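# Secondary and tertiary structure notes
As a plain string of letters, each chain reads:
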Amino acid sequence: MKDISILIADDEEEIADLIAFHLEKEGYRIMKVSNGQEAVRVVENQVFDLLILDIMMPKMDGYEVTHRIREQHNMPIIFLSAKTSDFDKVQGLVIGADDYMTKPFTPIELVARVNAQLRRFTTLNQAKTENKSNLEFGGLVISPDQHAVTLYGEYIELTPKEFDILYLLASHPKKVYSVENIFQQVWGEAYFESGNTVMVHIRTLRKKLKEDKQKNKLIKTVWGVGYTFNG
């Protein structure tokens, strides 16, 4: 039995049971809840390595659950949803999900995505964090140990992906990263026409850093190439 716990939050009992069956065959410990409020409650009292959240749940939807959880926790979150538009997918990723699967789905693909997220989180991300140091640029301080960013002493709340993009760019000032390269390094997956996802994250990141009010932007667009950190 793997010492890995996964929470499944879905009000459709048959889907939750199907997911649990296939993940338990992989050796994962599974807990199931049927609404958003219960998901938040159990995460506050137990340790989970990954969450699988349905978006449309009673009492509290998956978006709000993710917002609450991201205030304290950094484990991978995979959204499940019947919503298939690119807008819904991008919205889910911007809010803080690490992956987004549409219903209906094949269990073998979900298991593969769960394995990929856990592998990346437990090995690559943790190993990289051990070697990271704080970065400071004027009033901007980026702390990987706390996964925190402050701007002139003010805490800036970022999603895990926004933080990873910022740290990637700030770690190599003046280096230009293509959209494809950012996606591959931050998401750890092959690029598959996900440029819009990266651009939405960059736009939200700039807004949180109050870049829209600054002439000399920290995150600079190099037209036709990508993005660079102008620190």
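Residues numbered from 1 in each chain as written. Predicted model: local features only at pLDDT ≥ 70, side-chain atom pairs only at ≥ 80, totals over all residues. Heavy atoms only, no water.

Within an unreviewed UniProt entry, the label attached to the chain reads VanR-FM family DNA-binding response regulator, and the organism entered is Mesobacillus zeae. Regarding the chain, the relevant UniProt record gives this comment under Subcellular location (unreviewed entry): "Cytoplasm". (UniProt positions renumbered as here; feature names shortened; annotations may be inferred.)

## Overview of the overall build of the chain
A count of helices and strands for the chain gives eight helices and 11 strands. Buried residues in the chain amount to 48% of all 231 residues. Long-range contacts, defined here as pairs at least 24 residues apart, represent 56% of the contacts in the chain between residues at least 6 apart. Just so you have it, the chain exposes about 12,100 Å², and 50% of that area is on carbon and sulfur atoms. (Helix = DSSP H or I, 4+ residues; strand = E, 2+ residues; numbered from the N terminus. Buried < 20%, exposed > 50% of the residue type's maximum accessible area, 1.4 Å probe, protein only. Contact = heavy atoms within 4.5 Å. Areas by Shrake-Rupley, 256 points an atom, 1.4 Å probe, with all protein chains shown as cover.)

## What to know about the environment of serine 85
Following the sequence through the fold, serine 85 ends up in the loop between β4 (77-81) and α4 (86-95). Separated by 17 residues in the primary sequence, serine 85 and threonine 102 place their C-alpha atoms 9.5 Å from one another.

## Some words on the nonpolar core
In terms of nonpolar packing, the biggest core is built from 30 residues, with Ile142, Val149, Leu166 and Ile182 touching the most fellow members. When residues of this core are traced back to their parent elements, those giving at least two are β6 (135-137), β7 (140-143), β8 (148-151), α6 (160-171), α7 (179-187), α8 (195-208) and β11 (226-229). Counting residues per element, this core draws most heavily on α6, which supplies seven residues. Not counting residues within four places of it along the chain, the set of residues in contact with valine 149 comprises Leu140, Val141, Ile142, Glu154, Tyr155, Ile156, Leu158, Phe163, Leu166 and Leu209. Of all hydrophobic cores here, the second largest spans 21 residues; its members include Leu7, Val40, Met60 and Ile77. (Core = buried A, V, L, I, M, F, W, Y, C linked by side-chain atoms within 4.5 Å.)

## What to know about helix α1 (residues 13-25)
Taking 1.5 Å per residue as the helical rise, α1 with its 13 residues ought to reach 18 Å, and the 18 Å between its terminal C-alpha atoms agrees with that figure. All of the buried residues along α1 are Ile15, Ala16, Ile19, Ala20 and Leu23. For α1, the buried positions fall inside an angular range of 130 degrees around the axis, keeping them on one side. Facing away from the buried side of α1 by over 90 degrees, the exposed positions are Glu13, Glu14 and Lys25. (Expected span 1.5 Å × (residues − 1). Arc of directions from axis to C-beta.)

## A short note on the environment of isoleucine 165
In this fold, isoleucine 165 is placed in helix α6. For the pair isoleucine 165 and valine 198, spaced 33 residues apart in sequence, the C-alpha separation works out to 8.8 Å. When sequence neighbours within four positions are dropped, the list of residues in contact with isoleucine 165 reads Ile182, Val186, Trp187, His201, Ile202 and Leu205.

## Things to note about the pairing of strand β5 (residues 99-102)
As defined by bridge partners, β4 adjoins β5 across four bridges and the pair is classed as parallel. The residue of β5 that forms the bridge with serine 81 is threonine 102. Crossover β4 to β5 through α4 is right-handed. (Pairing = 2+ DSSP bridges. Right-handed = clockwise from strand over helix to strand, strands pointing away.)

## Examining the packing of aromatic side chains
Summed over the entire model, instances satisfying the criterion amount to four aromatic pairs. Between phenylalanine 79 and tyrosine 100, the ring centres sit 6.4 Å apart and the planes meet at 80 degrees, which makes this aromatic pair edge-to-face. You can see phenylalanine 79 sitting in strand β4 and its partner tyrosine 100 sitting in strand β5, a full 21 residues away along the chain. Both residues of the pair, phenylalanine 79 and tyrosine 100, count as buried. Through successive ring pairs, a cluster of aromatic residues spans Tyr63, Phe79 and Tyr100. (Phe/Tyr/Trp six-rings, centres within 6.5 Å; stacked < 30°, edge-to-face > 60°.)

## Regarding the pattern of salt bridges
Think of it this way: side chains of opposite charge can pair up when their charged atoms draw near. Tallied over the full model, the rule gives 13 salt bridges. We note a salt bridge from arginine 70 to aspartate 98, for which the minimum N-O separation is 2.9 Å. Residue arginine 70 is located in helix α3 (residues 62-70), and its partner aspartate 98 is located in the loop between α4 and β5; the two are separated by 28 residues in the primary sequence. Each member of the pair, arginine 70 as well as aspartate 98, carries the same accessibility label: buried. One salt bridge in this structure joins glutamate 109 and arginine 113, with 2.7 Å as the shortest N-O distance. Here the residue glutamate 109 and the residue arginine 113 both occupy positions in helix α5 (residues 107-130), the gap between them amounting to four residues, near one helical turn. Relative accessible area serves as the criterion here: at 25%, arginine 113 is assigned to the partly exposed category. Salt bridges sharing common partners tie together Asp10, Glu12, Asp54 and Lys103. (Salt bridge = Lys/Arg side-chain N within 4 Å of Asp/Glu carboxyl O.)

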